[in-house]
Amino acid sequence: MKRRNFLVAAGAAFLAGCNKVAESAPGAKLLSAAESWHKTAHRFLTDREALAPEYPRSAISPYFRGNGSTDPTNGDYQAQAASDFADWRLEVRGLVETPLTLTLDNIRRLPQRTQVTRHDCVEGWSAIGEWTGPQLSVLLEAAKLRPEARYIVFRCADELSGARYYESVDLVDAYHPQTIIAHRLNGEPLPIKNGAPLRMRIERQLGYKHAKYLTAIEAVASLDDLYGGHGGYWEDRGYQWYAGI
Ligand SMILES: Nc1nc2c(c(=O)[nH]1)N[C@H]1C(S)=C(S)[C@@H](COP(=O)(O)O)O[C@H]1N2
Ligand SMILES: [Mo]
């Protein structure tokens, strides 16, 4: 029964995609992503595919603070939290051949990556944490991007000062091996303050790119028609869209 539900939710194409990803080298995936993204990306590829530093577990900060939204009160978030996020769904949609709707269980069954990294917030604080989740590339390969797709948009459940949080990255960061959909922090399910039940880790980017309370991943050709048109909540308020570190 469980397995049948998983197959119905995930779909045959999804499973085929996972196998393909498992066999292919991350470098090759990144290269082809960049090619279809933008020819000039090649010049920066060596820099941009480099890994962010990873740390031993002994370096993990005793407390990983929450920043921005730390306990969303809008929509049905509180009700979802009360039921341990049993009904949470992550959609993969937009310019894809096969839209996906995933449960948390689907996400936990995918191949996982665990990484101990340092989070840098522009407000001037950092924290080291251990994050676990599937690589975003696995989901994108399963959904199969259409050639027009240029950016991946992250949709969030929370509102900050009355406006919906959202973020976006280009395909180089989307396919970066350390870009994961985290559901665990330091070996435990994500705390609410850190984005439960799902949040992005985009380790070559500053903190505000790491969308918390993730509800959908959307492939788009342009960022112009989203909210303020600058590709993210803080970008619409003056921050740089490219926040590479
Ligand atoms: N949905 C959502 N994601 C978000 C934010 C937010 O307010 N809402 N804040 C951002 C900022 S500025 C930072 S520094 C990190 C903070 O992550 P943390 O709460 O786990 O420390 O989340 C980022 N992602
Ligand atoms: Mo931040």
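None of these values were measured; they are calculated from a predicted model.

Draft legend 1. A look at the pattern of salt bridges. This model, assessed by the stated rule, comprises twelve salt bridges. One salt bridge connects Glu218 with Arg93, and the closest N-O pair in it is separated by 2.9 Å. Taken together, the residues span a long stretch of sequence, with Glu218 in strand 11 (residues 214–220) and Arg93 in strand 1 (residues 89–94) at a distance of 125 residues. When its relative accessible area of 28% is taken as the criterion, Arg93 is described as partly exposed. For Glu203, the salt bridge goes to Arg201, with nearest N and O atoms at 3.0 Å. The exposure class of Glu203 is buried, given its relative accessible area of 3%.

Draft legend 2. The environment of Asn186, seen in detail. Structurally, Asn186 can be placed in the loop between strand 8 (184–185) and strand 9 (188–189). Once the C-alpha coordinates of Asn186 and Gln115 are considered, the two residues, 71 residues apart in sequence, prove to be 9.7 Å apart. Setting aside chain neighbours within four positions, we find Asn186 in contact with Arg57, Ile60, Gly129 and Glu130.

Draft legend 3. Fine view of the site of ligand 1. Among the 22 residues in the neighbourhood of ligand 1, the closest are listed as Arg65, Asn67, Ser69, Asp158 and Lys212. At 2.8 Å from an oxygen atom of ligand 1 is found a main-chain nitrogen or oxygen belonging to Ser69. In isolation ligand 1 has 530 Å² of accessible area, and contact with the protein removes 99% of it. If you list the elements that add at least two residues to the shell around ligand 1, you get strand 3 (113–121) and strand 5 (151–160). Looking at side-chain class alone, the shell around ligand 1 contains nine nonpolar, eight polar and five charged residues.

Rules of the game
Residues numbered from 1 in each chain as written. Chains lettered and ligands numbered in written order. Predicted model: local features only at pLDDT ≥ 70, side-chain atom pairs only at ≥ 80, totals over all residues. Heavy atoms only, no water. Salt bridge = Lys/Arg side-chain N within 4 Å of Asp/Glu carboxyl O. Helix = DSSP H or I, 4+ residues; strand = E, 2+ residues; numbered from the N terminus. Buried < 20%, exposed > 50% of the residue type's maximum accessible area, 1.4 Å probe, protein only. Contact = heavy atoms within 4.5 Å. Near = heavy atom within 4 Å. Polar contact = N/O pair within 3.5 Å; in protein donor to acceptor, adjacent residues only side chain to side chain. Areas by Shrake-Rupley, 256 points an atom, 1.4 Å probe, with all protein chains shown as cover. Nonpolar A, V, L, I, M, F, W, Y, C, P; charged D, E, K, R; others polar.

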